[in-house]
Amino acid sequence: MPNDLQKKMFREMEQKAIFRQAQEWAFDYADGVQERNVFPTPEAIADLERFVEELPPSTGNAEAIIKQLQQYGSPASVAQTGGRYFGFVNGGVIPAALAARWLSDFWDQNTALYVISPIAAKLEEVSEAWLRELFGLPENTVAGFVSGSSLAIFCGLAAARYRILQNLGWDINKKGFSGAPRVRVVAGRQAHGTVVKAIALLGFGIDNIEWVDVDDQGRIIPSAVPELDAGTLLILQAGNVSSGAFDPFDAICEKANKARAWVHIDGAFGLWAAASKRLEHLTKGMAKADSFSVDGHKTLNAPYDSGIVLCRDKEALTHALHASGSYIAYSENRDGMLYTPEMSRRARAVELWAALKYLGQEGVDALVYGLHQRAVQVARELAAEGFQILNDVVFNQVLVACDSDAITAETMRHMQASGECWAGGANWQGKTVIRISVCSWATTEADITRSVRAFVAAREKAVHDLRRA
Ligand SMILES: *Cc1c(COP(=O)(O)O)cnc(C)c1O
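What counts, and at which threshold
The residue numbering used here restarts from 1 in each chain and proceeds along that chain's sequence as written. pLDDT decides what is reported in this predicted model: residues at 70 or higher carry local features, side-chain atom pairs at 80 or more are listed and counted, and totals for whole chains, interfaces and linings draw on all residues regardless. Hydrogens and water are ignored here; the side-chain numbers use all heavy atoms of the structure. Numbered from the N terminus, helices here are DSSP runs of H or I no shorter than four residues, and strands are runs of E no shorter than two. The atom set for the radius of gyration is the C-alpha atoms, and the globule formula is 2.2 Å times the number of residues raised to the power 0.38. For the exposure calls, accessible area comes from a 1.4 Å probe over protein chains only, and a residue counts as buried if that area is under 20% of its type's maximum, exposed if over 50%, partly exposed in between. Here, proximity means that at least one heavy atom of the residue falls within 4 Å of the molecule or strand. The term polar contact refers here to a pair of N or O atoms within 3.5 Å; inside protein, the definition further demands a hydrogen-donor-capable atom paired with an acceptor-capable atom, and it admits residues adjacent in sequence only when both atoms are side-chain atoms. The Shrake-Rupley method, run with a 1.4 Å probe sphere, supplies the accessible areas, and residue values consider only the shown protein chains as cover. As a working rule, the residues Ala, Val, Leu, Ile, Met, Phe, Trp, Tyr, Cys and Pro are called nonpolar, Asp, Glu, Lys and Arg charged, and the rest polar, with Gly in that last group. Contact between two residues is taken to exist if any of their heavy atoms lie within 4.5 Å; hydrogens are not considered. For each domain, the first and last residues come from an automatic or database assignment. Axis lines are fitted to C-alpha atoms, over the contacting stretch for helices. Their N-to-C directions set the angle, which ranges from 0 to 180 degrees. Any angle from 65 to 115 degrees is called roughly perpendicular, while one under 35 is roughly parallel, one over 145 is roughly antiparallel, and all others are oblique. Crossing handedness is defined as follows: a turn of the near helix away from the far one that is anticlockwise and smaller than a right angle gives a left-handed crossing, while the clockwise case is right-handed. Note: two strands are recorded as paired if DSSP finds a minimum of 2 bridges between them. Remark: nonpolar core denotes a set of buried residues (Ala, Val, Leu, Ile, Met, Phe, Trp, Tyr, Cys) joined through side-chain atoms within 4.5 Å.

**Q** Can you walk me through the overall build of the chain in this structure?
**A** When helices and strands are counted, the chain shows 14 helices and 11 strands. Scaling as 2.2 N^0.38, a compact globule of 469 residues should have a C-alpha radius of gyration of about 23 Å, and the chain matches this with 24 Å. If one aligns the C-alpha atoms of the chain with their principal axes, the spans along those axes are about 75 × 60 × 45 Å. When the 469 residues of the chain are sorted by exposure, 51% land in the buried category.

What follows is the structure, given as structure tokens:
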């Protein structure tokens, strides 16, 4: 006999009222997302206090839980799936990928091993092959599916650490760092914060990084790269998080290959340029690197929780992520946990596969190039309104400034409060800037023009405020 709790949950699963309700509200959300405030109103934020309560002592009501989430959660969400969110580098979501996620949520698969989920293993395998093709990477490149680029970078650098030390006669898994040969870590001065974090987590030590000078776009200056050797890990970037610029891979990778140094490319959003005929020139020579990290949830617009590590040295990646290499018995099929630090993971490759299958080669190209076109448009229209554009808009990032830091900061505040659009701030070469990232398939030409109007109105308010002050 099922107990009371089981009976209750069997009933919820059978009746499906909560799922129908959730679906209805989700559809309402989708219908309203283009016109609602891009950032939640102050009232919606204040209402979040309603979630602060004692842990319920006993079992609750499923309908009431979903209702609370709808009533106070939805209004406090950021309208990232609309067309006028330009914050950080946050992708929207492709409908087919979202639907695939919904369906597979009911499967609740664990992708650790083939035997735990043959379907998840198959879709990882297929996605791996498609990604290799899209990025023009060699046949021996393998992929691990993780939560985001933070972890994908960690995995790539862990593979590098394993291989470099192995080549120097040292098994890092068994012996650790104490007494190990020195591994040099070389990175551009504008490496992403998550690269620095991975370096710290892996025990290299941030103070040991050999920083390479960059040019006015944030690109590594090839002649500033120090002498490399087989004990060196060199970290490059496809897509500077502020300017969107790409390091010149061709020349630098050539030099690294000659020296037998390991090259990792952090291409969280920028690696996708390699999948666009009109933008692939930005990534020329990248296939000469050893490992790569990229997100599904940024440029590709797959749902969140999608990062990918790609590595041309399968043994290094799998041994780095599984401390005792000797017990790893490859099954004939794909065992996903060999390529990731985690054992249990959700089946995120389902959505990635759906996004890739839906878009196809032409669709990925059109999506990526479309983001670039909208970025060029926003830069052009803002410049026509007297804003300064501080970067070369080579990809999807645009850095905007007004006549003074104070006006820029106030303009940003008013623009964010307007609910019309949202972009964050940054500091670029000592200047306060507004950083626009065009990253959603849903952004149209009209969205850009409307956002530019919001920038102009915000600047008027800012100038007015500052005059009064
Ligand atoms: C976003 C980003 C990261 C971190 O990726 P997450 O998916 O947020 O973990 C790393 N590098 C660059 C260049 C990024 O833009």
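**Q** Sorry, what's going on with the site of the ligand here?
**A** Inspection of the region around the ligand gives 14 residues, with Ser150, Asp266, Asp295, His297 and Lys298 positioned closest. In this structure, a nitrogen atom belonging to the ligand sits 3.5 Å away from a side-chain N or O atom of histidine 192. Contact between the ligand and lysine 298: an oxygen atom at 2.9 Å from a side-chain N or O atom of the residue. Protein burial of the ligand: of its 380 Å² of free accessible surface, 85% is covered by the chains. By residue class, the composition of the shell around the ligand is four nonpolar, seven polar and three charged.

**Q** Any chance you could explain helix α9 (residues 193-201) here in plain terms?
**A** Residues spaced three or four apart along an α-helix point in a common direction, a consequence of the helix completing one turn every 3.6 residues. For α9, the complete set of buried residues consists of Thr194, Val195, Val196, Ala198 and Ile199. On its buried face, α9 sits against α7 (149-167), β2 (184-188), β3 (209-212), β4 (232-237) and β5 (262-266). Two residues or fewer past α9, glycine 203 is found with a positive phi of approximately 85°.

**Q** Would you mind showing me how to read the domain arrangement of the chain here?
**A** Bring the parts together and some accessible area is lost; that lost area is often taken as the interface size. What the domain assignment reports for the chain is domain 1 (4-79), domain 2 (99-356) and domain 3 (360-468). The gap between the C-alpha centroids of domain 1 and domain 2 is 36 Å.

**Q** Mind showing me how you'd approach the packing of helix α6 (residues 118-135) against helix α12 (residues 349-384) here?
**A** A pair of packed helices is captured by two measures, namely the crossing angle of their axes and the spacing between those axes. At a minimum axis separation of 9 Å, α6 and α12 run at an interaxial angle of 30°. With respect to α12, the axis of α6 lies roughly parallel. The handedness of the crossing between α6 and α12 comes out as left-handed. Only Ala349, Val350, Leu352, Trp353, Leu356, Lys357, Gln361 and Val364 of α12 make contact with α6, whose side of the interface consists of Leu123, Glu124, Val126, Ser127, Trp130, Leu131, Glu133 and Leu134. Of the residues that constitute the contact of α6 with α12, the class distribution is 11 nonpolar, two polar and three charged.

**Q** Honestly, the sheet that holds strand β6 (residues 291-295) in this entry has me stumped. Any pointers?
**A** Two modes of strand pairing occur in sheets, parallel and antiparallel, and in both the strands are linked by backbone hydrogen bonds. Spatial strand order, β1-β7-β6-β5-β4-β2-β3: seven strands in an open sheet with mixed pairing. Where the open sheet ends on each side, the last strands, each with one partner, are β1 (142-146) and β3. With direction set aside, neighbouring strand axes in the sheet form an average angle of 20°. Pairing between β2 and β4: four bridges, direction parallel. Considered in β4, the bridge of valine 185 is made with leucine 233.

**Q** Just to check I follow, could you spell out the nonpolar core for this structure?
**A** A general feature of soluble globular proteins is that nonpolar side chains tend to end up buried together. Counting residues in each nonpolar core, the largest one holds 52 residues, and the members touching the most others are Phe135, Ile265 and Trp272. By residue number, the principal contributor to this core is α12, which donates eight residues. Split by domain, this core shows at least three residues from each of two domains, domain 2 (99-356) and domain 3 (360-468). Apart from the residues within four sequence positions on either side, phenylalanine 135 is in contact with Leu271, Trp272, Ala274, Met286, Val294 and Leu310. Listed in part, the 36 residues of the second largest apolar core include Val142, Ala198, Ile235 and Tyr339.

**Q** I keep staring at the sheet that holds strand β11 (residues 431-437) and nothing clicks. Help me out?
**A** Reading across from one edge, β8-β9-β11-β10 is the order of the four strands in this open sheet, with antiparallel pairing throughout. Of all the strands in the sheet, just β8 (388-389) and β10 (424-428) have a single pairing partner and so form its edges. Bridge analysis of strand β9 (residues 397-401) against β11 gives four bridges, and the strand direction is antiparallel. By the bridge assignment, leucine 399 is partnered in β11 with arginine 435. Each of β8, β9 and β11 touches α12; the most contacted strand, β9, lies at about 15° to it.

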